[in-house]
Amino acid sequence: MDRFSGFNPKATLLYFLLVIVGTLLLFNPIYLGISLVFAFLYRIKLTGYKSALRTLGIIPVLIALTSVFNMIFADYGMTVLFTLGNNSFKLESLAYGFTQGLLVSGVLLWFSCYNEIVTGEMLLSVFGGFMPGTAMLFSMTLAFIPRLMRNAREINDAREQFEKGRSKLTHSVKNLSALVTLTLEESIERSDSMRARGYNSRRRPYSKYRFSHRDLLLVISELMLFAFVLFVRLSRGAVFAFDPKIYVAEQSPLYIIIFTVFTALPLIIDFTEDLKWKLLRRKL
């Protein structure tokens, strides 16, 4: 059970926004590695080991490809690793590409955690009060792609039973035609259903979520931790230069610890709630 997702959607959505922006602000392999590790651990918490391990298999490949491509096409730095013909491949280019791979992987993992928690109902709750039409459109757009993929799988499974032996091109074209037709029909049915139920884009939607004091404490904690990330960025406390040589500024252990708390916040909340529950059970 994930207790972080039980907070008000405003607090949950704010955290994902801040942690992704905070990851983008600190272009340092130490901080990016921390963000990547805790995003992956939280992914395990949300989806289980099997699903998370499938995601983990993509990350080393992505980091390796980014590192190698940057080393091949970006010519900067002074430390030559090896030379092929007239081309020199340098350590600084490889390190920069490696850091880019950590950044992209971490952000993708945080977005995958976001997709597991934030639903269309939550988005309507957050944005429906001041822009209900846009919130509804955004929510329907997010739900469109999974529904489209599900319909594509169902059509493909159904047609495979009675179109064996036909060419793959013909099979794919017919599947696409059926998918477009089904998608349009579902859109018309949904539109008619919303109109029949009296949907009004200017009406404020009902929300079952209430903003409590614990949500306020979480928001304050998130903003304070993000303010620290901004301080580290502006004070150049996480400088990691790659050109002309790799230069690492003195890294403060306090900065690293607080950033770790920031990225591990959902797991810390789960751990503290589990600890409280165990203590209460012992008292009983």
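See the structure printed just above.
Computed from a predicted model, the values in this text were never measured in an experiment.

A. Examining the overall build of the protein chain more closely. On a plain count of helices and strands, the protein chain comes out with 10 helices and four strands. The order of α-helices and β-strands along the protein chain, N terminus first, is α-α-α-β-β-α-α-α-α-α-β-β-α-α. By the burial criterion, 37% of the 284 residues in the protein chain qualify as buried. Contacts spanning at least 24 positions in sequence make up 74% of the contacts within the protein chain whose residues lie at least 6 apart. On the protein chain, roughly 17600 Å² of surface is accessible, and the fraction owed to carbon and sulfur atoms is 66%.

B. Expanded view of helix 10 (residues 265-283). Relative to the 27 Å expected for 19 residues at 1.5 Å per residue, helix 10 spans 27 Å between its end C-alpha atoms, a close match to the ideal helical length. Every buried residue of helix 10 is accounted for by L265, P266, I269 and D270. Buried residues of helix 10 fall within an arc of 145 degrees about the axis and therefore sit on the same side. What points out from helix 10, more than 90 degrees from its buried face, is the exposed set F271, K278 and R282. Each element contacted by the buried residues of helix 10 is listed here: helix 1 (9-25), helix 2 (29-47), helix 8 (213-234) and helix 9 (253-263).

C. Here's a closer look at the packing of aromatic side chains. If you walk through the whole model with that rule in mind, you get 14 aromatic pairs. Ring geometry for F16 against W110: centres 6.5 Å apart, planes inclined by 65 degrees, an arrangement best described as edge-to-face. Linking F16 in helix 1 with W110 in helix 4 (residues 91-117), this pair joins segments that are 94 residues apart in sequence. Each member of the pair F16 and W110 is classed as buried. Between F259 and F262, the ring centres sit 6.3 Å apart and the planes meet at 65 degrees, which makes this aromatic pair edge-to-face. With F259 and F262 both in helix 9, this residue pair falls three residues apart, about one helical turn. Each member of the pair F259 and F262 is classed as buried. Among the aromatic residues, ring-to-ring pairing joins F4, F7, Y15, F16, Y31, Y42, W110, Y114, F259 and F262 into one connected group. Over the aromatic face of F7 sits the side chain of R214, whose NZ or CZ is 4.0 Å from the ring centroid.

D. Quick look at the packing of helix 2 against helix 3 (residues 49-73). Look at helix 2 against helix 3: their axes get within 8 Å of each other, and the N-to-C directions meet at 155 degrees. Looking at the two axes, helix 2 sits roughly antiparallel to helix 3. For helix 2 against helix 3, the interelement crossing comes out right-handed. Contacts from L36, F40, R43, I44 and T47 of helix 2 reach helix 3 at Y49, S51, A52, L53, T55, L56, I59 and I63.

E. Focus on the nonpolar core. Counting residues in each nonpolar core, the largest one holds 46 residues, and the members touching the most others are F4, F16, W110, F259 and F262. When residues of this core are traced back to their parent elements, those giving at least two are helix 1, helix 2, helix 3, helix 4, helix 8, helix 9 and helix 10. The biggest single contributor to this core is helix 2, with nine residues. Excluding its chain neighbours within four sequence positions, the residues that come into contact with F259 are G22, L26, Y31, I34, S35, F228 and V229.

F. Geometry of the packing of helix 2 against helix 4. In contact at an axis separation of 9 Å, helix 2 and helix 4 are set at 30 degrees when each is read in the N-to-C sense. Considering their axes alone, helix 2 and helix 4 lie roughly parallel with respect to each other. The two elements helix 2 and helix 4 cross, and the hand of that crossing is left-handed. Residues P29, L32, G33, S35, L36, F38, A39, F40, Y42, R43, L46 and T47 of helix 2 form the contact with helix 4, whose participating residues are T99, L102, L103, S105, G106, L109, W110, S112, C113, E116 and I117. Classifying every residue of the contact of helix 2 with helix 4 by side-chain character gives 14 nonpolar, seven polar and two charged.

The rules we used
Along each chain, the written sequence defines residue order, and numbers are assigned to residues from 1. Totals for whole chains, interfaces and linings use every residue, but because this is a predicted model, local features are given only for residues with pLDDT of at least 70 and side-chain atom pairs only at 80 or more, for both listing and counting. In computing side-chain properties, one takes all heavy atoms of the structure into account and sets aside hydrogens as well as water. The secondary structure listing takes helices from DSSP runs of H or I that are at least 4 residues long and strands from runs of E that are at least 2 residues long, numbered from the N terminus. With a 1.4 Å probe rolled over the protein chains alone, any residue whose accessible area is under 20% of its type maximum counts as buried; one over 50% counts as exposed, and the rest are partly exposed. We call two residues contacting when some pair of their heavy atoms lies within 4.5 Å. Areas reported as accessible are Shrake-Rupley estimates using a 1.4 Å probe. Residue values count occlusion only from the protein chains shown. What a helix is expected to span follows from its residue count: subtract one and scale by 1.5 Å. Think of the arc as the fan of directions from the helix axis to the C-beta atoms. Here a pair means two rings of Phe, Tyr or Trp (six-membered ring of Trp) with centres within 6.5 Å. Their orientation is stacked below 30 degrees between planes, edge-to-face above 60, and tilted elsewhere. Working rule: Lys NZ or Arg CZ, within 6 Å of ring centre, within 35 degrees of ring normal, means a charge sits over the ring. A fitted line through C-alpha atoms represents every axis, and for helices the fit uses only the stretch in contact; the resulting angles, taken between N-to-C directions, go from 0 to 180 degrees. An angle counts as roughly parallel when it lies under 35 degrees, as roughly antiparallel when it exceeds 145, as roughly perpendicular when it falls between 65 and 115, and as oblique in every other case. In this scheme the crossing of two helices becomes right-handed for a clockwise turn of the near helix relative to the far one and left-handed for an anticlockwise turn of less than a right angle. Residue types Ala, Val, Leu, Ile, Met, Phe, Trp, Tyr and Cys, when buried and joined through side-chain atoms within 4.5 Å, form a set referred to as a nonpolar core. For this classification, the nonpolar set comprises Ala, Val, Leu, Ile, Met, Phe, Trp, Tyr, Cys and Pro, the charged set comprises Asp, Glu, Lys and Arg, and every other residue, Gly included, is treated as polar.

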